[in-house]
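Fold and contact review
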Amino acid sequence: MLTDIESLFFPGALQLITGKMMSPGHTNPGVSTVAQLLLDKVVKPLRMLNLNDYEHMVLKQIILFNPVATGVKDIEAVRQMRRTRLVELQEYTSTAEQGRFGEMLCLLPPLYEVSQEVVEQLRLEQFVSDGEMRFDAVLLMSIVNG
């Protein structure tokens, strides 16, 4: 079954939601590094699991409901939402092959690691556009950071 996540993967490259392509051969070394991390630590394991649409959706929600994420106001509510989705996924996969739920959980640490790399890269990218420092981004960050 072709899932929406698989439709974003091309041999050796990723297509972002914006339509831009990201590959290990990108001219920007930061983008190249993140692309290689995504391909090695996320794409390959996801393809091996062959997630269906429901599994993919719930896994994304588990990642999204991060109680320790910056700016979360009601940590307990977010924690409970995550726990609910984990239980639902566990129950859903209990009828599938043994160990499937565990394999999905093993994907979470690499996903978090890669997401941190992507956030860092995006922070860097907002300052540089076509090799030039963007004054508006520098000014905005200096205001935000005090």
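Let us look at the structure shown here. (Residues numbered from 1 in each chain as written. Predicted model: local features only at pLDDT ≥ 70, side-chain atom pairs only at ≥ 80, totals over all residues. Heavy atoms only, no water.)

**Some thoughts on the packing of helix H2 (residues 53–64) against helix H3 (residues 75–93)**
Helices that pack against each other are described as a pair by the angle of their axes relative to one another and the distance between those axes. What counts is decided by this rule: The axes used here are C-alpha line fits, helices contributing only the stretch in contact, and every angle between their N-to-C directions lies in the interval 0 to 180 degrees. A run of H or I in DSSP counts as a helix once it spans at least four residues, and a run of E counts as a strand once it spans at least two, with each numbered from the N terminus. Small angles under 35 degrees read as roughly parallel and large ones over 145 as roughly antiparallel, with 65 to 115 read as roughly perpendicular and the rest as oblique. By definition, turning the near helix anticlockwise from the far helix through less than a right angle yields a left-handed crossing, and turning it clockwise yields a right-handed one. Residue contacts follow a heavy-atom distance rule, with two residues in contact if any of their heavy atoms lie within 4.5 Å. Charged residues are taken to be Asp, Glu, Lys and Arg, nonpolar residues to be Ala, Val, Leu, Ile, Met, Phe, Trp, Tyr, Cys and Pro, and polar residues to be all remaining types, Gly included.
Relative to each other, H2 and H3 sit at 155°, their axes nearing to 9 Å. Viewed along their axes, H2 and H3 adopt a mutual orientation that is roughly antiparallel. The two elements H2 and H3 meet at a crossing, and its hand is left-handed. Where H2 abuts H3, its residues Tyr54, Glu55, Met57, Val58, Leu59, Gln61, Ile62 and Ile63 lie against Arg82, Arg85, Leu86, Glu88, Leu89, Tyr92 and Thr93. When its residues are assigned to classes, the contact of H2 with H3 shows 9 nonpolar, 2 polar and 4 charged.

**A look at H2**
As a reminder, the rule being used: What a helix is expected to span follows from its residue count: subtract one and scale by 1.5 Å. Each residue gets one of three labels from its accessible area relative to the maximum for its type: buried under 20%, exposed over 50%, partly exposed in between, using a 1.4 Å probe on protein chains only. Distance and chemistry together define a polar contact, namely a pair of N or O atoms within 3.5 Å, with one atom able to donate a hydrogen and the other to accept it when in protein, and with adjacent residues in sequence counting only for side-chain atoms on both sides.
An ideal rise of 1.5 Å per residue puts 16 Å on 12 residues; H2 measures up with 16 Å between its terminal C-alpha atoms. When we look at burial in H2, the residues that qualify are Glu55, His56, Val58, Leu59 and Ile62. Near the N-terminus of H2, the side chain that reaches the backbone nitrogen of Tyr54, with its oxygen 3.0 Å away, is that of Asn52.

**Structural notes on the side chain of Thr93**
Within the fold, Thr93 resides in helix H3. The class of Thr93 is buried, set by a relative accessible area of 4%. For Thr93, the residues in contact, after removing those within four places along its chain, are Glu55, Arg100, Phe101 and Met104.

**Observations regarding the pattern of salt bridges**
For clarity, the cut-off: Criterion for a salt bridge: a side-chain nitrogen of Lys or Arg within 4 Å of a carboxyl oxygen of Asp or Glu.
For the structure shown, the criterion picks out 4 salt bridges. Between Asp40 and Lys44 there is a salt bridge whose closest N-O contact spans 3.3 Å. Taken together, the positions of Asp40 and Lys44, both in helix H1 (residues 29–49) and 4 residues apart, correspond to about one turn of that helix.

**Concerning the environment of Gly25**
If you trace the backbone, Gly25 turns up in the loop between strand E3 (21–22) and H1. Through-space distance from the C-alpha of Gly25 to that of Gly12 is 9.1 Å; in sequence the pair is 13 residues apart.

**Quick notes on the packing of aromatic side chains**
Rule in force here: Here is the rule: rings of Phe, Tyr and Trp (six-membered ring for Trp) pair when centre to centre is within 6.5 Å. Planes less than 30 degrees apart are stacked, more than 60 are edge-to-face, and the remainder are tilted.
Inspection of every chain in the model, using the stated rule, returns 1 aromatic pair. Each ring, one from Tyr54 and one from Tyr92, has its centre 4.6 Å from the other, and the planes form 50°; the classification is tilted. On the criterion of sequence distance, the pair formed by Tyr54 in helix H2 and Tyr92 in helix H3 is long-range, its members being 38 residues apart. On the basis of relative accessible area, Tyr54 is assigned to the partly exposed category, the value being 29%. The exposure class assigned to Tyr92 is partly exposed, which follows from its relative accessible area of 34%.

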